Amino acid sequence: MSVIAIFRQPAIVSESKASHELTIRLRFRLGLNRMDRDWVVLEWGAIYLDCHGEIEMARILVPRIAPEQPVRRGHSHFSLSLIFLLALFSVRGWSQSLVIKDVTVIDATGRAAEPHSTVVIDGDHIVAVSRSKKTHLPQNAVIVDGTGKFLIPGLWDMHVHGASDTRAPWSHLLFVANGVVGVRDMSGPPDAHAWRATQASNPDPSPTIYLGSPIVDGPNPAWTDSIVVADEAQGREVVDQQQQRGADFIKVYSGLSRNAYFAIADEANKRGIPFEGHVPDAVTAAEASGAGQRSIEHLTQVAEGCSKEEKTIAAERQRLEASFRAPDATMPQKIAAGQNIIRLNFHVVESFDEATAQSLLAQFMKNGTWQTPTLTLLQGQIDDPLNTNDPRLQYLSKEVRAKWDAGYYSHFPPPARAAMVQLAKAEFDESKKIVALMYRMGIPILAGTDTMNPHCLPGFGIHDELAFLVDAGLPPLAALQAATRNAAQFMGQRARRGTIEAGKTADLVLLDKDPLADIHNTRSIQAVVLNGKLFPRAALDAMLTKAQTLAGIPDTAASEK
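Residues numbered from 1 in each chain as written. Predicted model: local features only at pLDDT ≥ 70, side-chain atom pairs only at ≥ 80, totals over all residues. Heavy atoms only, no water.

This part takes up the nonpolar core. Ranked by size, the top nonpolar core spans 116 residues in total, and within it Trp-170, Val-302, Phe-364, Met-438 and Leu-469 carry the most contacts. Among the elements that line this core, the one with the most residues is helix H13 (residues 414-441), at nine residues. Ignoring anything within four residues of it in the chain, the contact list for Met-438 reads Leu-299, Val-302, Leu-361, Phe-364, Gln-371, Ile-443 and Ile-445. (Core = buried A, V, L, I, M, F, W, Y, C linked by side-chain atoms within 4.5 Å. Buried < 20%, exposed > 50% of the residue type's maximum accessible area, 1.4 Å probe, protein only. Helix = DSSP H or I, 4+ residues; strand = E, 2+ residues; numbered from the N terminus. Contact = heavy atoms within 4.5 Å.)

This part is about helix H14 (residues 461-472). Between its first and last C-alpha, H14 extends 16 Å over twelve residues, near the 16 Å set by a 1.5 Å rise per residue. Within the sequence span of H14, burial applies to Gly-461, Ile-462, His-463, Asp-464, Glu-465, Leu-466, Ala-467, Phe-468, Leu-469 and Ala-472. Residues of H14 that are buried sit in contact with strand S10 (155-160), strand S11 (180-185), helix H11 (375-380), H13, helix H15 (476-482) and strand S19 (525-530). Of the residues flanking the end of H14, it is Gly-473, one or two places downstream, whose phi is positive at about 130°. (Expected span 1.5 Å × (residues − 1).)

For helix H5 (residues 258-271), spanning 14 residues, the distance from its first C-alpha to its last is 20 Å, which sits close to the expected 20 Å at 1.5 Å a residue. Taken residue by residue, H5 has Ala-260, Tyr-261, Ala-263, Ile-264, Ala-265, Glu-267 and Ala-268 as its buried positions. Close packing links the buried residues of H5 with strand S12 (208-217), helix H4 (232-244), strand S14 (249-252), strand S15 (275-277) and helix H6 (285-291). Phi turns positive one or two residues past the end of H5, at Gly-272, with a value near 75°.

Let us now look at the side chain of Thr-505. Note on placement: Thr-505 falls in the loop between helix H16 (485-490) and strand S18 (508-511). Ignoring anything within four residues of it in the chain, the contact list for Thr-505 reads Asp-124, His-125, Ile-126, Arg-496, Arg-497 and Asn-531.

The following block contains the structure:
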């Protein structure tokens, strides 16, 4: 909802001019009322339009006496009185309410599940949640029978890639068809404003996208489309540039130098824009938390921070990395350095110390540092052979599937590949242990998958992640909150999203089975409500079919990159 026009209001309203202010939610199209397509400017109040050009809300100062106030825009002949009458009597018949009746509501607030409840939706908002027998149903409402079913808030995948990539339009359909109503894109476009302007014309259902900057990395970046920052000045400049271009946050990455990273942190804090992502190799997790990094992804540098030998390990890692990357290093020297890096990483796991870990996590609590473990990614890095019988693979493009088939370690010689797989298993087990400790200590956790990496499926993957979180030690409700309430709180949108309560955006998932009895039941999707619009199972299946069709179209842009 955006403010299109603010009415000119006097600084002080005397009692003779206005008795009170009314805020009334409207639901009608401008064209139906022959009003001007962009706005009407009146003397007293404000009109808000949504992204579809519909009047969303009117705030009106109601006069104590009733002279007609002039309309400021000459060719729109509506008076304040007429606008007020429209607010009171119009429009309810021009938009149908949606009612989900006699359903068990799992609202994700932390309250117990509430059976035999009815949820009433008007437009894109929830207007009532109550016990079914006490609910007055709107006339002409669309009624969904929720008997025996379970209603949860729409899910958020808080670590994805490709959601803002025009080469993967099929991913949006996969998200929505799997109950994912929003995502955090961890490698956004160079200009977020320009991307949003283009995305606004997309006719297909799409999740809400919390949009990061492109990856900000050091020299010789891991990804060619990263923004390279070599020093403090460039770090400050990229924060300014990306904030001006509309990024919701700055995505920091592993190769940043200490000076560049702390310059980014300082500038981001000054400008009030979050910075999130990897903890760089040159920085400790404790330092990143102290610098104000909003979230740490994949537990980067966290395992090192849980080791009683963190300082010794950090120094040895820098020495080995320098040896491996030296321009004059021979292949035998690179192989030797690589083998020693693998041994060092095993030592990180072996030197885990719970007292040290608790000290680090206490700093996370103090500083408000969120964690996105992406256990789906970490499990995928074990790199078991791809299950070619997995029916979900049919929704991937050939370009993505080719990368998945190659796996994570295709460029490693066989002995090194076997060692990497064993290391990945050890690190995955340690990650689950750290996540369990985080939950017990109250560290806020987000559910994220790291799509489009191998084994991290758009849409489907969030259900895998919830299952991994439960396997790590979270109760099903806590895992569910990681993808609903926690996501909204992290983005500063708790008042609008994340739970099933009156006044919240109507993003919902209707399930056939109870997810609190078995978290795998989040997959039993019967319907999705996205911004108040109902998509029953048949519509979701149609989305999957269209996604499969789009994924089958050759991606020339991807193949040329």
